[in-house]
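Residue-level listing of the chains:
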Amino acid sequence: MLTRTKRALLAVALGACAALVASIPATATATPAAAALQDQNNQTEDRAVYQVRGTATVEQRTAVANTGIDVLGFDGAAMTVIGTPAEIAALRAKGFQVDLHSQLPKLDEGPGVRDFPSGYAGYHNLAELNAELNKTVANFPALAKLSSIGKSHEGRDLNVIKISDNVGTDENEPEVLFTCGQHAREHLTIEMCLRIAQRLTSTYASDPAVKRYVDSREIWLVPNVNPDGSEYDIASGQFRSWRKNRQGAGTDLNRNWDFKWGCCGGSSGSTGSETYRGPSPFSAPETQRVRDFVNSRVVGGKQQITAHIDWHTYSELVLWPFGYTTADTAPGLDADQARTFSTLGRQMAQTNGYTPQQSSDLYITDGGINDWMWGVHKIWSYTFEMYPKDFWGGGFYPRDSVIQRETTRNDKAVDLLLEYADCVPRVIGKTC
Ligand SMILES: [Zn+2]
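Residues numbered from 1 in each chain as written. Predicted model: local features only at pLDDT ≥ 70, side-chain atom pairs only at ≥ 80, totals over all residues. Heavy atoms only, no water.

Caption draft 1: Fine view of the pattern of salt bridges. What the rule picks out here adds up to 25 salt bridges. The partner of Arg-47 in a salt bridge is Glu-274, and the shortest N-O contact between them spans 3.6 Å. Here the residue Arg-47 occupies a position in the loop between α2 (32–42) and β1 (48–53), and Glu-274 occupies one in the loop between α8 (227–234) and α9 (285–296), the gap between them amounting to 227 residues. An identical accessibility class is assigned to Arg-47 and Glu-274; each is buried. One salt bridge in this structure joins Asp-252 and Arg-243, with 2.7 Å as the shortest N-O distance. By the burial criterion, Asp-252 is buried, and Arg-243 matches it. (Salt bridge = Lys/Arg side-chain N within 4 Å of Asp/Glu carboxyl O. Helix = DSSP H or I, 4+ residues; strand = E, 2+ residues; numbered from the N terminus. Buried < 20%, exposed > 50% of the residue type's maximum accessible area, 1.4 Å probe, protein only.)

This is the structure in structure tokens:
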């Protein structure tokens, strides 16, 4: 007979099933000790993986997401969700056909190991990530500089690494921002930011294109926007499928940005929901810190950052604003701008095989980072949803053996963004 621990580990070992090891929204905890107690309580709730049919239209998918349930993806035929019996009953009451796919193994916490489980050791936990960033800066002091943009809710540094020639000087060059890890369980995105930082420094001397980008742009990366969440996700030695930050019951950072915040049924007002938008815009320290950093890049009345990618998993998509409306254009986003977004989005998607679309083609989201970056700062801001394509391909927890392949896959898309950063509308033949 398998013990609960063995069953949970087995689930992790089975690759795709690892995504099934999920957590439960916790009630307010601020201290690690209280969090440990909460972890034990988390085992009692009954969550499972379901498929929701009758979701062919954006309106139907938005209605599902709008219940606040944990949406994992949409494969063209059905949405995959993780839900409690109450959440599933609510969906069925709205008329959706919901089929049980599989039960989630119960987590058996045991003594915390605070690291990735076997088969995932190639992923970097926070200490390992910071060690790698420090190594990059030590190896390439003229090209890379590490600093903190402030603290997370639990007091961890939100590090930013700048990559440019004359890195210590604020030169008059277009700036590009990459952010990773807003959602805690999307660990592959941390590896993506790390690869960008390492590639742009280690190949500077050998790759003329990289040298040109690094010499002519100032590149910023925040490799982990949600360190409290990502550490919590692995703290037991098994994955919790934790998405939000660790402030109270957790806020979905990517619903907490102050542009059309909570406007349009694309986030939840319930604290227990996976898409809880927070009590007010920028209520999360993590979104505040990134906001303040981006605001600080307004120099002489001009925002220096021109282009941005926020990395997520999964679904293999390239997404652009707006997320709050299904309309292609809206106040602040005219037809030429929409065409610029879609043209560069499609070009980037051609390099990595992802599907390009406006964010709201999937379902409505509000308070997301792309809408704020564009709506407030006119930054050409994209979301990449990385590997795998669907839940059945490993969900949030693909094995570490795919890291190299799936991060390298985005090199050309990153280069395209850097290429056009001086004037993104150039991509449709416009001047700036
Ligand atoms: Zn995400």
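Right, picking up where we left off after that structure.
Caption draft 2: Just the coordination of the zinc ion, in detail. Here the zinc ion is held by His-183 (ND1), Glu-186 (OE), Glu-186 (OE) and His-312 (ND1), and the distances to it run 2.0 to 2.3 Å. The site at the zinc ion holds four donor atoms, and with the angles between them running 57 to 147°, its shape is irregular. Going along the chain, you hit the donors of the zinc ion in the pattern H-x2-E-x125-H. For the pair formed by His-183 and Glu-186, the shared burial category is buried. (Donors = N, O, S within 2.8 Å, 3.2 Å for Na, K, Ca; no water. Tetrahedral: all angles 85-135°; square planar, octahedral: opposite > 155°, others 65-115°.)

Caption draft 3: Just the sheet that holds strand β4 (residues 97–103), in detail. Reading across from one edge, β2-β3-β1-β4 is the order of the four strands in this open sheet, with antiparallel pairing throughout. Bordering the open sheet on either side are β2 (70–74) and β4, each of which pairs with just one other strand. Strand-to-strand twist in this sheet, taken as the mean axis angle between neighbours without regard to direction, amounts to 25°. In the sheet, β2 pairs with strand β3 (residues 79–83) via four bridges, with the strands oriented antiparallel. By the bridge assignment for β3, Gly-73 is matched with Thr-80. Relative to β3, helix α3 (residues 58–65) is tilted by about 10°, and along the sheet it contacts β1, β2 and β3. Where helix α4 (residues 85–93) meets the sheet, its contacts fall on β1, β3 and β4, and the angle it forms with β3 comes to roughly 135°. (Pairing = 2+ DSSP bridges. Axes fitted to C-alpha atoms, helices over the stretch in contact; angles between N-to-C directions. Contact = heavy atoms within 4.5 Å.)

Caption draft 4: Structural context of the layout of surface pockets. Reported here for the largest pocket is a volume of approximately 700 Å³. Those elements that provide at least two residues to the lining of the largest pocket are β2, β11 (305–313), β12 (317–320), β13 (355–358), α11 (369–377) and β14 (380–386). Among the elements that make up the lining of the largest pocket, the one with the highest residue count is β2 (five residues). Split into classes, the residues belonging to the lining of the largest pocket amount to 14 nonpolar, 18 polar and eleven charged. Summarising the domain contributions, the lining of the largest pocket has at least three residues from each of domain 1 (44–103) and domain 2 (126–428). (1 Å grid on protein atoms, 1.4 Å probe; cavity = no way out; pocket = protein on both sides within 12 Å on 5 of 7 lines; lining within 4 Å. Points joined across faces, edges and corners; volume = space filled by probe spheres on them. Nonpolar A, V, L, I, M, F, W, Y, C, P; charged D, E, K, R; others polar. Domains from an automatic or database assignment.)

Caption draft 5: Here's a closer look at the state of the cysteines. Under the counting rule described, the total for this entry stands at three disulfides. Paired through a disulfide, Cys-263 and Cys-264 show a sulfur-sulfur distance of 2.1 Å. Its S-S torsion of about -105° marks the bond between Cys-263 and Cys-264 as left-handed, since a negative value means left-handed. On the basis of relative accessibility, which here comes to 36%, the residue Cys-263 falls in the partly exposed class. Note on cysteine connectivity: Cys-423 is disulfide-linked to Cys-432, with sulfurs 1.9 Å apart. (Disulfide = S-S within 2.5 Å.)

Caption draft 6: Quick look at the sheet that holds strand β7 (residues 175–180). Taken together, eight strands build an open sheet; the order of strands is β5-β6-β8-β7-β11-β14-β12-β13 and the sheet is mixed. Each of the sheet's edge strands pairs with one partner strand only, and the pair in question is β5 (144–151) and β13. When strand polarity is set aside, the average angle formed by the axes of neighbouring strands in this sheet is 20°. α9 contacts β5, β6 (157–163), β7, β8 (218–222) and β11 of the sheet and is inclined by roughly 130° relative to β5. The sheet contacts of helix α13 (residues 411–420) involve β7, β8, β11 and β14, and relative to β7 the element is tilted by about 145°.

Caption draft 7: Looking closely at unusual backbone geometry. With an omega of 0°, the peptide bond between Thr-313 and Tyr-314 qualifies as cis. The residue Tyr-314 is located in the loop between β11 and β12 in this model. With an omega of -5°, the peptide bond running from Pro-321 to Phe-322 counts as cis. Positioned with a positive phi, Lys-260 is a non-glycine residue whose angle comes to about 55°. Looking at where Lys-260 falls in the secondary structure, it is placed in the loop between α8 and α9. A relative accessible area of 39% places Lys-260 in the partly exposed class. One non-glycine residue, Glu-316, lies in positive phi territory at about 60°. Assignment of secondary structure puts Glu-316 in the loop between β11 and β12. The buried category is assigned to Glu-316, whose relative accessible area is 7%.

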